There are 2 protein chains.
Amino acid sequence: MYRDSKLRTITKTISWRIWATLTTTLLVYLFTGELKTAIEVGLLEMVAKLLLYYFHERLWDHLSFGKREFPGFVLWINGIPRSGKTTVAGLVYKKLKNRKLKLQLLDSHDVRPLFPETGFGHEEVNTHIKRVGHLAAMLEKNGISCIASFVSPFRESREFIRSQANNFIEVHLDNDPETISRFDPSGFYDKARKGDFQHVPGLHFPFEDSVAPELNIDMRSKTPEQAATEIFQYVKNRFEL
Amino acid sequence: MYRDSKLRTITKTISWRIWATLTTTLLVYLFTGELKTAIEVGLLEMVAKLLLYYFHERLWDHLSFGKREFPGFVLWINGIPRSGKTTVAGLVYKKLKNRKLKLQLLDSHDVRPLFPETGFGHEEVNTHIKRVGHLAAMLEKNGISCIASFVSPFRESREFIRSQANNFIEVHLDNDPETISRFDPSGFYDKARKGDFQHVPGLHFPFEDSVAPELNIDMRSKTPEQAATEIFQYVKNRFEL
């Protein structure tokens, strides 16, 4: 809920009065040809209308008619580990924040205090992703758009979230372990192959691609900045930002 | 984020023009004593100002200066089982919803899909309540006020939530198993005494009262409606609704 402060109303009143009184004075002058009369009517109008306008504004501030709330969306950024989800999500967040949207970034870090440590088995990941989806839908319902970046390899849980949200936007950052390994200083996939990490989607078990994600971005040929711009443009066009 | 629809701006423009042009016409008439001139100036002003006002409104709709967002709060309704928390929370929700606040009701039912089934042991309840607190604080941070009703017998977890929220309002619905048993057709406490329920605070282990809850309501002498009214009045006064 937003309410105008009295300072806003006063400033707006003065802003309007300058334009309105100048117009009135000009009109009376053009109409009568008398500069003195024009200025006198202008001054008189100024005094009378300042108060009237102020109270008209305060009244309208309490009428919700025609105040449209931005609907909110769930932007679901998905991909195999190290595909660039967190980086891209951060960049999209910054771009959208400039548009004064209500936004909540959701990633493992944000939701860790909410959910107990979750394992990486099929069932556990599926349940965890669904829980995050419930949370995102609750936020969206209240007008808060979410940018969520999670490794969500199972079609079932993604379709569940789609069914919960009003405006679900699935973004798939397409990449493969070989390409990522070439640029990844942490050597995640090399370590995973040696057995340091288990249950890695795209390596130990298939990552279930979506049939029709809203956006499919090939990260082999795009920088995170380019990917973020593509996502931002999609959201901007879809919601007429 | 709220934006004015064009219909709102058009309606507001017409509303203003009626008042403004009537004032102008009256002033010119009082000033010149000529009815014809007064009406002519009024008509001329009406045409010119309609457009000017419309665009002035559209411009100001994009200025966020002085648009104050309601801060949000976490209203934490607490008490032993069957003390009336859910009923009171529902009534408060209805009263506040009429004030066009952004509100989210949080109770076991709402958060069950978010959190896995949680047991009733000390540690488990403590952790669960803290998680709900995290969620409530996340909602509050985004301008959504929460009405939460949970059996939260441990001072530690309540103080944790107080530390997370900006505006934490603790309401204690004071009652005792003996009084509740007299009016409870489900016979909850009788069953609990026979061993059907374990870990019941106020019966099997002490319910840790708060030192200074914002509101302490004696449910032995008040109806849920009276309790809800008391809570509503507190919120209304504190946030100048």
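Residues numbered from 1 in each chain as written. Chains lettered and ligands numbered in written order. Predicted model: local features only at pLDDT ≥ 70, side-chain atom pairs only at ≥ 80, totals over all residues. Heavy atoms only, no water.

A.B. asks: So what's going on with the overall build of chain A? Which residues, and what values?
C.D. replies: Helix and strand counts for chain A come out as nine helices and seven strands. Against the 2.2 N^0.38 benchmark of 18 Å for 241 residues, chain A shows a C-alpha radius of gyration of 27 Å, more extended than a compact globule. For chain A, the C-alpha atoms occupy an extent of roughly 90 × 35 × 30 Å along the three principal directions. Put simply, chain A has 241 residues, and 49% of those count as buried. (Helix = DSSP H or I, 4+ residues; strand = E, 2+ residues; numbered from the N terminus. Rg over C-alpha atoms; globule rule 2.2 N^0.38 Å. Buried < 20%, exposed > 50% of the residue type's maximum accessible area, 1.4 Å probe, protein only.)

A.B. asks: An account of the interface of chain B and chain A is needed here, citing residue identities and associated values.
C.D. replies: In this complex, chain B contributes 59 residues to the contact, which on the side of chain A involves 59 residues. Summed over both sides, the interface of chain B with chain A buries roughly 6,000 Å², with 67% coming from carbon and sulfur. Residue A:Lys49 is joined to B:Glu45 by a salt bridge in which the shortest nitrogen-to-oxygen separation is 3.2 Å. For the pair chain B and chain A, the number of links is 30 residue pairs in polar contact (both at pLDDT 80 or more). Counting only elements with at least two residues in the side of chain B that touches chain A, the list comes to β1 (2-4), α1 (6-32), α2 (35-61), β2 (67-69), β4 (103-107) and α5 (122-141) of chain B. (Contact = heavy atoms within 4.5 Å. Buried area = accessible area lost by both parts, 1.4 Å probe. Salt bridge = Lys/Arg side-chain N within 4 Å of Asp/Glu carboxyl O. Polar contact = N/O pair within 3.5 Å; in protein donor to acceptor, adjacent residues only side chain to side chain.)

A.B. asks: Give a description of the nonpolar core that names residues and reports values.
C.D. replies: In terms of nonpolar packing, the biggest core is built from 42 residues, with A:Trp76, A:Leu106, A:Leu135, B:Trp76, B:Leu106 and B:Leu135 touching the most fellow members. Contributing elements (two or more residues each) for this core: β3 (74-78), α5 (122-141) and β5 (145-149) of chain A together with β3 (74-78), α5 and β5 (145-149) of chain B. Beyond its immediate sequence surroundings of up to four residues, A:Leu106 is in contact with A:Val111, A:Val132, A:Leu135, A:Ala136, A:Leu139, A:Cys146, A:Ile147, A:Ala148, A:Ser149, A:Phe150 and B:Met138. (Core = buried A, V, L, I, M, F, W, Y, C linked by side-chain atoms within 4.5 Å.)

A.B. asks: How would you explain the confidence of the model for chain A if you had to name every residue and give the values?
C.D. replies: Per-residue confidence for chain A gives a mean pLDDT of 88, with 97% of residues at or over 70. Confidence metrics for the complex model read pTM 0.77 and ipTM 0.71. (pLDDT = per-residue confidence, 0-100.)

A.B. asks: Explain the environment of B:Pro213 residue by residue, including any values.
C.D. replies: In this structure, B:Pro213 sits in the loop between α8 (188-194) and β7 (215-218). What B:Pro213 contacts, discounting residues up to four positions off in sequence, is B:Glu170 and B:His172.

A.B. asks: Before we move on, could you go through the relation of the copies chain B and chain A and cite the residues and values that matter?
C.D. replies: Placing chain B over chain A gives an RMSD of 0.2 Å and needs a rotation angle of 180°, together with 0.1 Å of translation along the axis. The superposition of one copy onto the other is thereby described by a two-fold rotation axis. Here 100% of the interface residues in chain B have copies in chain A that are interface residues too; the copies meet face to matching face. (Least-squares fit on C-alpha atoms with pLDDT ≥ 70 in both.)

A.B. asks: I'd like a description of the domain arrangement of chain A, backed by residues and values.
C.D. replies: Interface size is commonly expressed as the accessible surface area that is lost when the partners come together. Per the domain assignment, the segments making up chain A are domain 1 (6-61) and domain 2 (74-238). Computed from C-alpha coordinates alone, the two centres of domain 1 of chain A and domain 2 of chain A are separated by 54 Å. (Domains from an automatic or database assignment.)

A.B. asks: Please provide a residue-by-residue account of the side chain of B:Ser15, values included.
C.D. replies: Looking at the element boundaries, B:Ser15 is found in helix α1. Owing to a relative accessible area of 18%, B:Ser15 belongs among the buried residues under this scheme. Separated by 2.6 Å, the side chains of B:Ser15 and A:His56 make a polar contact.

A.B. asks: I'd like a rundown of the pattern of salt bridges, residues and numbers included.
C.D. replies: According to the stated counting rule, one finds 42 salt bridges over all chains in the structure shown. For the salt bridge of B:Glu45 with B:Arg17, the shortest nitrogen-to-oxygen distance reads 3.4 Å. You can see B:Glu45 sitting in helix α2 and its partner B:Arg17 sitting in helix α1, a full 28 residues away along the chain. In this structure, B:Glu45 and B:Arg17 share a single accessibility class: buried. When salt bridges with common partners are traced through the structure, they connect A:Arg17, A:Glu45, A:Lys49, B:Arg17, B:Glu45 and B:Lys49 into a single cluster.

A.B. asks: Describe in detail the side chain of A:His56, supporting the description with residues and values.
C.D. replies: Looking at where A:His56 falls in the secondary structure, it is placed in helix α2 (residues 35-61). Taking relative accessible area as the criterion, A:His56 reaches 6% and is therefore assigned buried. Residues within four places of A:His56 in sequence aside, it is in contact with B:Lys12, B:Ser15, B:Trp16, B:Trp19 and B:Tyr53.

A.B. asks: I'd love a proper account of the sheet that holds strand β6 (residues 168-174) of chain B, names of residues and values included.
C.D. replies: Residue and element names in this part refer to chain B. Strand order in the open sheet formed by five strands is β4-β5-β3-β6-β7, with parallel pairing between adjacent strands. Taken across any chain shown, the strands that pair with only one partner, and hence form the sheet edges, are β4 and β7. Going across the sheet, the axis of each strand differs from the next one's by a mean of 15°, ignoring polarity. Pairing geometry for β4 and β5, over five bridges, is parallel. Each residue of the ladder has a partner; that of Asp107, found in β5, is Ser149. Sheet strands touched by α5: β3, β4 and β5. Its angle to β4, the strand with the most contacts, is close to 175°. Contacting β3, β6 and β7, helix α9 (residues 224-238) runs over the sheet at an angle of about 160° to β7. (Pairing = 2+ DSSP bridges. Axes fitted to C-alpha atoms, helices over the stretch in contact; angles between N-to-C directions.)

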